[in-house]
Amino acid sequence: MTKAEYEERKSGEVSAPSDAVKTPLFLTKKEQKTFEELSQMLIDIGVMTNLDSNALGAYIKAVSNYEKAVKQLDKIRLSYDKKKDMTKEEQEVVAWAKFNKQHKIVVRCEKEMKLLGAPFGLDPLSRCKLVIPKKDEDKPKNKFLSG
């Protein structure tokens, strides 16, 4: 980019303040604490604004749902129980059916979590694609211009 193109692009960028980020009401107390911690980190790096509260809240809710789904998946036993009235093969069929059903839920939650976290750079790939606006004071001074 030429300097003129850069300045034209910079002047056309829309920016919103990040001085009054509010925690969404649909989050639980634990999720609200996570929101406050994560939003502060995102504000500090210049990614989050006042307009992004609900989007980050939706991401945090998706993470919470993912964690619950994984816990449910971990509870499914794929081993044989002699105390049950079913044969070993019947127990395997039932257990695998439960496992597959719950695994689909886990995968769906994971996809939702990644989709909602991408705009904030909350996974390595989307973080590489993020363009964080640089502040003017971060530019190194040109030693040839000072006299």
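Being a predicted model, the structure only gives us computed values, none of them experimental.

Is there a simple way to explain the overall build of the protein chain in this structure?
Along its length, the protein chain carries 5 helices and 0 strands. The order of α-helices and β-strands along the protein chain, N terminus first, is α-α-α-α-α. Sequence-distant contacts, at least 24 apart, represent 61% of the contacts inside the protein chain between residues at least 6 apart. Within the structure as shown, the protein chain displays about 11900 Å² of accessible surface, and the carbon and sulfur contribution to it stands at 56%.

Explain the pattern of salt bridges here, please?
Pairing is possible between side chains that carry opposite charge, provided their charged atoms lie close to one another. The tally for this structure, following the rule as stated, stands at 2 salt bridges. The shortest N-O distance in the salt bridge between K61 and E31 comes to 2.9 Å. Highlighted residues: K61 in helix α3 (residues 53-75) and E31 in helix α2 (residues 29-44), separated in sequence by 30 residues. Look at K61 and you get partly exposed, because its relative accessible area is 23%. In this structure, K114 and E110 form a salt bridge, with 3.7 Å as the shortest nitrogen-oxygen distance.

How should α2 be read in this particular structure?
For an α-helix, the turn length of 3.6 residues means that residues three or four places apart are oriented alike. Taking 1.5 Å per residue, 16 residues should reach 22 Å; α2 reaches 23 Å between its end C-alpha atoms and fits that length. Residues of α2 that are buried include every one of E31, F35, L38, S39, L42 and I43, and no others. Projected down its long axis, α2 shows its buried positions confined to an angular sector of 135°, all on one face. For α2, exposure combined with an orientation more than 90 degrees from the buried face picks out K29, K30, K33, M41 and D44. Of the residues one or two after α2, G46 is the one with positive phi, at around 85°.

Please explain the environment of T49 as it appears in this structure.
You can see T49 is positioned in the loop between α2 and α3. The spacing of T49 and V21 is 28 residues in sequence and 6.8 Å in space, taken between C-alpha atoms.

Basis of the calculations
- Residues numbered from 1 in each chain as written.
- Predicted model: local features only at pLDDT ≥ 70, side-chain atom pairs only at ≥ 80, totals over all residues.
- Heavy atoms only, no water.
- Helix = DSSP H or I, 4+ residues; strand = E, 2+ residues; numbered from the N terminus.
- Contact = heavy atoms within 4.5 Å.
- Areas by Shrake-Rupley, 256 points an atom, 1.4 Å probe, with all protein chains shown as cover.
- Salt bridge = Lys/Arg side-chain N within 4 Å of Asp/Glu carboxyl O.
- Buried < 20%, exposed > 50% of the residue type's maximum accessible area, 1.4 Å probe, protein only.
- Expected span 1.5 Å × (residues − 1).
- Arc of directions from axis to C-beta.

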